[in-house]
Amino acid sequence: MKYAYFKQRILLLLLLCFPGTEAFSTQTEASRGVLDLSGHSFQKVPKLLLDGEWRFFWNKLLLPKDSVSRGDYFRVPGYWSSYSVGGEKLPDRGFATFQLTLLLPPSQPPLLLTIPEQSTAWKLWIDDSLFVEKGSVTSSPQYASSGSGSSTIRIPPGTHHLITMQISNFTSARPGFAGSLLLGTEKAVNRYWGIRQGIDLFLIGCLTVLAIYHLFLFFNWRKEKAQLILSVLCFMWAVRFFVMGMSGRFILLIWPDTTVKLLWVLELIPLYTIAPLLLVFADNLFPGILNRKVIAGWWIISLICSGYAVMPFLGNANLLIEAANLLSIPAFYFITLNAVRRKLAGSVIITTGFTLFLLFAVNDILYDLHIINTEHLIDFGILSLGLSFSFHLSRHYAQTLVKIENLTIELEQRNRSSNPQSTKERLAGAGVKLLNMTLEFWERNNPGKSKANLARSSGLWKVYVNLDGWERTQTLDKYLDENSFPRHPRWKKVIATVEYVLANSNSSSSGYLELQEQLTILKEMV
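Analysis parameters
- Residues numbered from 1 in each chain as written.
- Predicted model: local features only at pLDDT ≥ 70, side-chain atom pairs only at ≥ 80, totals over all residues.
- Heavy atoms only, no water.
- Helix = DSSP H or I, 4+ residues; strand = E, 2+ residues; numbered from the N terminus.
- Buried < 20%, exposed > 50% of the residue type's maximum accessible area, 1.4 Å probe, protein only.
- Contact = heavy atoms within 4.5 Å.
- Areas by Shrake-Rupley, 256 points an atom, 1.4 Å probe, with all protein chains shown as cover.
- Pairing = 2+ DSSP bridges.
- Axes fitted to C-alpha atoms, helices over the stretch in contact; angles between N-to-C directions.
- Polar contact = N/O pair within 3.5 Å; in protein donor to acceptor, adjacent residues only side chain to side chain.

Colleague: Residue-level account of the overall build of the protein chain, with values.
Modeller: Each helix and strand in the protein chain was counted, giving 14 helices and 17 strands. For the protein chain, the residues scored as buried account for 46% of the 526 residues in total. Intrachain contacts of the protein chain at a sequence separation of at least 6 include 70% that bridge at least 24 residues. Only carbon and sulfur atoms are counted for the fraction: they give 59% of the accessible area of the protein chain, which is about 27900 Å².

Colleague: Hey, could you go over the environment of lysine 493 for me, with residue numbers and the actual values?
Modeller: Here lysine 493 is to be found in helix H13 (residues 491-503). For the pair lysine 493 and tryptophan 461, spaced 32 residues apart in sequence, the C-alpha to C-alpha distance is 8.5 Å.

Colleague: Describe the sheet that holds strand S15 (residues 182-185), and please don't skip the residues or the numbers.
Modeller: One open sheet holds the four strands; their spatial order is S2-S15-S9-S12, and the pairing between them is antiparallel. Edge positions in the open sheet fall to strand S2 (47-49) and strand S12 (151-154), since each of these has one partner strand only. Sheet twist, expressed as the average angle between the axes of neighbouring strands with direction ignored, equals 20°. Sheet analysis places strand S9 (residues 111-115) next to S15, joined by four bridges and oriented antiparallel. By the bridge assignment, leucine 111 is partnered in S15 with threonine 185. Sheet strands in contact with helix H2 (residues 186-220) are S2, S9, S12 and S15, and its direction is about 125° off that of S15.

Colleague: Please give an account of the side chain of threonine 138 that cites residues and values.
Modeller: Following the sequence through the fold, threonine 138 ends up in the loop between strand S11 (129-134) and S12. Engagement of the side chain of threonine 138 in a polar contact is seen with the backbone nitrogen of serine 140, the distance being 3.1 Å. Setting aside residues up to four positions removed in sequence, threonine 138 forms contacts with Leu61, Phe95, Tyr143, Ala144, Ser168 and Phe170.

Colleague: Any details on the pairing of strand S8 (residues 94-103)? Residues and values, ideally.
Modeller: Summarising burial for S8: nine of the 10 residues are buried, a large majority. Note that strand S1 (residues 34-36) and S8 share three bridges and pair parallel. Of the residues in S8, the one forming a bridge with valine 34 is threonine 101. Two elements, strand S3 (residues 52-58) and S8, share four bridges in a ladder whose sense is antiparallel. Bridge assignment links phenylalanine 56 to a residue of S8, and that residue is phenylalanine 98.

By themselves, these observations are geometric and do not establish any function.
This is the structure:
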């Protein structure tokens, strides 16, 4: 078990670095409604997609037992809005039946069939048995409701199967077969979706951490609005991956009763607002390059499209938002490339991150058109975009911190050079104050004894006796006045004097603790 777990984690890391390692073999595709896998080896190629030409019956909800004419052919996956039947282009709204004859080898391991999220209402039969139903498949818009979530079913024994799928769409902008059906061994299918769940969790975690990190930075420095914009952008796309990621809808695993309406809103809002958010972010980093009125125009388009996501009866806004997103690309490059030309900090990093994002987006377009055989990688594009922005802002703050530290050091050095005697003067004042306190404490606690007695009994200071018998403490007296305090004082003698007095006094005496505290302060200063 431990080896299998470790192997799966290694494969996940390989997929993160080389996403193409999980690409499917496309040597076998359905042709004219038949997918012949009778000679296929599931031991060598354990999984494949049921892509290709399916039989297609427009405006018909057929059962497997119904006897019908040949019908048309429809390339799966795909949207019927791009097809024509009888010379007429098909509308977004409508219903149809798809059929595929599946021929399997005489001996094969137990097989699973996964149907991904379709954003429509659908039913799936294998032979005469209904296996899955999502939403309400109907020919009438009055009773229509879309389904949500993917499904995995077990293929019944046998070598000849008829797969029938009814689809009706009266609410979604993606009518038809939105995703490929995956057929494979139980181990291969579970591993396939397990890796994708790991990637989704990795992306959701990274974007959530970025969102929280930059939100805290914004709260500590609200002048930098780019932090807030980046936090909102990362959070919205983390929610979108949670709602609709590479492995399906994570949200349904936690809240299975989430309505299709809410799923639709959470999925589209990030897509509809990414263009104005990116432009506002770039404008905050490199202000004055793009006219603010241009950015306001993108916000108007974004709000209109977001209104469609919340209230579908407003109409289909996909073409409008796609056009706005495409037009935002030259606008963003206009800002960043002008910033590069002016050699503004972070312009090269931001431009590189946005270019990586565009490359991942182009990959997805080519993949959907069956031109290249990779995977959907736009999730990594969003992450690279967020990381490049985060890297720039982090480096900006680090450089600012270094500048502040250098300025602090420079100011301290200038302060010392402009007033070099300030430290010595503070020390002299502290020494004079401490010795005077010590002398007062000595005389108060030793009645009849003077500073000469202190100097003689401690053995630290010389006592001079005049001819008339007057005792003088000439050296000690210099330490009792700031004007006569030595330029190079003997601090060990000063400290020893105070320690002598404290050692020969009662610790409960008045002023003892204060004298002890002042001695500690002087030691720290010296």
